[in-house]
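# Structural description and commentary
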Amino acid sequence: MTDEQAAGSGATVRLTVAQAAVRFLSRQYVSRDGERNRFFVGCFGIFGHGNVAGLGQALLQSLQDDPTELPYHQGRNEQAMVHIAAGYARQRDRLATFAVTASVGPGSTNMLTGAALATVNRLPVLLLPSDIFATRVAAPVLQELEQPFGYDISVNDAFRPLSKFFDRVWRPEQLPAALLGAMRVLTDPAETGAATICLPEDVQTEAFDWPVELFAERTWRIPRPVPDPELIVEVAALVRGAAAPLLVVGGGVTYAGANAELRAFVELTGIPSSETQAGKGALPFDHPLNLGAVGATGSPAANAFARRADLVIGIGTRWSDFTTASRTMFQHPGVRFVNINVARLDAVKLAGLPVLADATLALTALTEALAGFSTPADYRAEVTATARAWDEQVVASHDIGWAAEHGVLAQSEVLGALDEVMDVRDVIVCAAGSLPGDLHGLWRTRDRKGYHVEYGYSCMGYEIPGGIGVALAAPDRDVFVTVGDGSYLMMPTELVTAVQEGIKIIVVLLQNHGYASIGALTEQVGVQRFGTRYRYRDPETGRLDGDVLPVDLAANAESLGITVFRVTTRPELVDALRRAKAATTATLVHVPTDLLQQAPAGDGWWDVPVAEISTLAVTRAARAEYQARKTAQRPLL
Ligand SMILES: Cc1ncc(C[n+]2csc(CCOP(=O)(O)OP(=O)(O)O)c2C)c(N)n1
Ligand SMILES: [Mg+2]
């Protein structure tokens, strides 16, 4: 019987809830522009009493019946498994992802941070936390929360505010709607994020007669919303009337695959492009009309044009405070915004003219509507010259001979070595610390998928698992995971997963014995590097400013089974990176760096409040500076 015959026949098949979920997930496809692929490429899981007999049994059985149905991968930490799924989804332009199963209680709540990261970054991940017995027959079970005011509450309710879809399957009959609801959200570019289906541990194992139709192959078409023609005319008129127009390009451009359309638009209209963290790489760094990073961590080139822009067209951006430099970036008194976005939430921001549309279609329509238009030649020439001048500074920062005098490399020199060794299509990965700011401003991205900095949630610990997700999604690219010692210590766990699965990632670990990023921030807010150094407690002062801790992170990584290169000079670093690139398995390059040295930066500001009153003179000085900076802030509605 074919799927269609079975669907019409009213036939049923008897499976457990978990077996049914696995079978359903293996039969979901997405298609966009006529290209179709499976949506779930596998399932990550850590088992406990909450899921081993349900989803564990179902995955085992499925592997025996058909190894390609839903391949199982083991992780070490539930949060990290969600990061792997998110990294994978981002690299695949949100057209494929993993499901993640966790045991009841702590296994499930470990996924909360991953859920938030996925939802903030609008990345599809399917979370299957196990839940307490639906029957409550032996309540309270091990790891049950037990709220006196509601016996139906479990720790999984904490997923509700973090998920774009949430359901709990108290009875088998509820499963089909839950699965379809999750797919609706996961495959909707405007709505996507974490979808959470809680599966009580008893329900997972219960058998039910499912309509065969539930398991028919389903293809979810990824829509490309068409822009309203009247709006395109309106935007074209705004562009024609603007003296200094600027594009701010976000992640939505690349997810839509609109890179060629962006390039055509920029080249035909002469409107320069600037990039958010998620949008970086939408155009190559050396495109003459690409000003590079904009905002708090932006380049002086893009920021100079942002300050004077009278028309700003945001495409696929959520306008985070980093992009707007906490709303100090756009200083033209009459500046207007146009927001091309599939999500209404973003399209109305900054009182912009909302153009609800797919980036590809909107850019094509606008290019046509602006036929014959171009910004003046001197504007374009100034863009190119300003961008080139910044790139010269970037290149100069790549080799400043820091190690000769200070014994350790400057961070920008590490970036220089990476720039030298990495191929055009290789991917750089990061998430938190001082690296994302430096990468945003300084990294010379050459490929649309070559830059992967998770900066929606900027989650320490994302780097290694996120990089594994990227490597799984793009086996034809080398993935360089840059990670600070703080982030590394938060989650080195998935190095074991890389070893186990033979996943080649190249981890570049920068050990500076503390937080360069938050350390620098403490200077801005008058808090004197408090709590940001990895040092012994000094018996005399009672503070954590004694000797540097004898932490050997290279040895730590080695102990997890991966090959480690220890380097201190730039030639050693370049050599190690080349050897890591030539290797076929995961490697880690350990580089000591300077905690205090800072890479060249733009003059973007980030609003972090300073104590209004203080007994410390440094805090009072920081407060005065803060108040002065605040005056540049424009609420822009
Ligand atoms: C999970 C998490 N906790 C706290 C923070 C706040 N935070 C941002 S950067 C940072 C320090 C990062 O240290 P490290 O990885 O060593 O990078 P460095 O600043 O030294 O470059 C902290 C604590 C965060 N982003 N994520
Ligand atoms: Mg550090």
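See above for the structure.
In this text, all values refer to a predicted model and were calculated from it rather than measured experimentally.

Our focus in this paragraph is helix α14 (residues 359-369). Along α14, the residues that are buried comprise Ala359, Thr360, Ala362, Leu363, Leu366 and Thr367. Along its buried surface, α14 packs onto α9 (229-240), α10 (251-255), α11 (259-269), β15 (311-315) and β16 (336-341). If you check the start of α14, you find a side-chain oxygen 3.0 Å away from the backbone N of Thr360, and it comes from Asp358.

Considering the arrangement of structural elements, one finds Arg122 in the loop between α6 (112-120) and β7 (125-131). Residue classification places Arg122 among the buried residues on the basis of a relative accessible area of 16%. For Arg122, the contacting residues outside a window of four places in its chain are Arg94, Thr192, Arg318, Leu345 and Asp346.

On the secondary structure map, Val338 appears in strand β16. Each C-alpha atom of the pair Val338 and Leu350 lies 8.9 Å from the other, and the pair is 12 residues apart in sequence. Ignoring any residue separated from it by four or fewer positions in sequence, one finds Val338 in contact with Val235, Leu238, Leu311, Val312, Ile313, Gly314, Leu353 and Val355.

Contact pair α9 / α14: the axes reach a minimum separation of 9 Å and the direction vectors enclose 55°. Here α14 runs oblique to α9, going by the angle between their axes. The interaxial crossing formed by α9 with α14 has right-handed handedness. Here α9 contributes Ile232, Val235, Ala236 and Arg240 to the contact with α14, which in turn contributes Ala362, Ala365, Leu366 and Ala369. Residue composition of the contact of α9 with α14, by class: 7 nonpolar, no polar and 1 charged.

With parallel pairing, the 6 strands of this open sheet are ordered in space as β14-β13-β12-β15-β16-β17. Unpaired on one side and paired on the other, β14 (290-293) and β17 (353-356) mark the two borders of the sheet. Averaged over neighbouring strand pairs, the angle between their axes works out to 20° when direction is ignored. Here strand β13 (residues 273-275) runs beside β14; their pairing, made up of 3 bridges, is parallel. Its bridge partner being in β14, Ser273 is matched across the sheet by Asn290.

Mapped onto the fold, Ile197 is located in strand β9 (residues 194-200). Assessed through its relative accessible area of 0%, Ile197 is described here as buried. Not counting chain neighbours up to four residues away, the residues in contact with Ile197 comprise Leu126, Leu127, Leu128, Pro129, Phe165, Asp167, Val169, Ala178, Leu179 and Ala182.

Let us look at empty space enclosed by the protein. Summed over all chains, the structure comprises 4 cavities of 30 Å³ or more. A volume near 650 Å³ is recorded for the largest cavity. Considering the residues around the largest cavity, the lining is formed by 48 residues, among which Arg94, Gly251, Gly252, Tyr255 and Gly316 are closest to the centre. In terms of residue count, α10 provides more of the lining of the largest cavity than any other element does, 4 residues in total.

Before going further, it helps to spend a moment on the coordination of the magnesium ion (ligand 2). Here the magnesium ion (ligand 2) is held by Asp485 (OD), Asn512 (OD1) and Gly514 (O), and the distances to it run 2.0 to 2.1 Å. One chain supplies every donor for the magnesium ion (ligand 2), spaced along it as D-x26-N-x1-G. With Asp485 in helix α20 (residues 485-490) and Gly514 in the loop between β21 (506-511) and α22 (516-525), this pair connects stretches of sequence that are 29 residues apart. Asp485 gets classed as buried once you look at its relative accessible area, which sits at 1%.

The next point concerns the site of ligand 1. Among the 15 residues in the neighbourhood of ligand 1, the closest are listed as Ser434, Ser458, Asp485, Gly486 and Ser517. One of the side-chain nitrogen or oxygen atoms of Ser517 is found 2.6 Å away from an oxygen atom of ligand 1. When ligand 1 sits alone it has 590 Å² of accessible area, and the protein chains cover 77% of it. For ligand 1, the cavity whose grid points lie within 2 Å of the majority of its atoms is the largest pocket. Looking at the shell around ligand 1, the elements that each hand over two or more residues are α20 and α22.

A few words on unusual backbone geometry. Cis geometry marks the peptide bond from Ala139 to Pro140; its omega dihedral reads -5°. By secondary structure assignment, the location of Pro140 is in the loop between β7 and β8 (165-168). Unusually for a residue other than glycine, Trp319 sits at a positive phi of about 50°. Structurally, the position occupied by Trp319 is in the loop between β15 and β16. Given a relative accessible area of 6%, Trp319 falls into the buried group. Here the phi dihedral of Ala351 falls at roughly 55°; this positive angle occurs in a residue that is not glycine. Along the polypeptide, Ala351 turns up in the loop between α13 (344-347) and β17.

What follows covers the layout of surface pockets. Approximately 1,200 Å³ is the volume found for the largest pocket. Going through the elements one at a time, α18 (435-442), α20, α22 and α25 (617-630) are the ones with two or more residues in the lining of the largest pocket. At 7 residues, α22 tops the list of elements feeding residues into the lining of the largest pocket. When grouped by side-chain class, the residues that make up the lining of the largest pocket number 24 nonpolar, 19 polar and 7 charged. As a volume, the second largest pocket reaches approximately 340 Å³. What lines the second largest pocket is a set of 16 residues, among which Arg32, Glu35, Arg92, Asp93 and Leu95 lie closest to the centre. Class assignment of the residues belonging to the lining of the second largest pocket gives a composition of 4 nonpolar, 3 polar and 9 charged.

What counts as what
Residues numbered from 1 in each chain as written. Chains lettered and ligands numbered in written order. Predicted model: local features only at pLDDT ≥ 70, side-chain atom pairs only at ≥ 80, totals over all residues. Heavy atoms only, no water. Buried < 20%, exposed > 50% of the residue type's maximum accessible area, 1.4 Å probe, protein only. Helix = DSSP H or I, 4+ residues; strand = E, 2+ residues; numbered from the N terminus. Contact = heavy atoms within 4.5 Å. Polar contact = N/O pair within 3.5 Å; in protein donor to acceptor, adjacent residues only side chain to side chain. Axes fitted to C-alpha atoms, helices over the stretch in contact; angles between N-to-C directions. Parallel < 35°, antiparallel > 145°, perpendicular 65-115°, else oblique. Left-handed = near helix turned anticlockwise from the far one by under 90°. Nonpolar A, V, L, I, M, F, W, Y, C, P; charged D, E, K, R; others polar. Pairing = 2+ DSSP bridges. 1 Å grid on protein atoms, 1.4 Å probe; cavity = no way out; pocket = protein on both sides within 12 Å on 5 of 7 lines; lining within 4 Å. Points joined across faces, edges and corners; volume = space filled by probe spheres on them. Donors = N, O, S within 2.8 Å, 3.2 Å for Na, K, Ca; no water. Near = heavy atom within 4 Å. Areas by Shrake-Rupley, 256 points an atom, 1.4 Å probe, with all protein chains shown as cover. Sits in = over half its atoms within 2 Å of the grid points.

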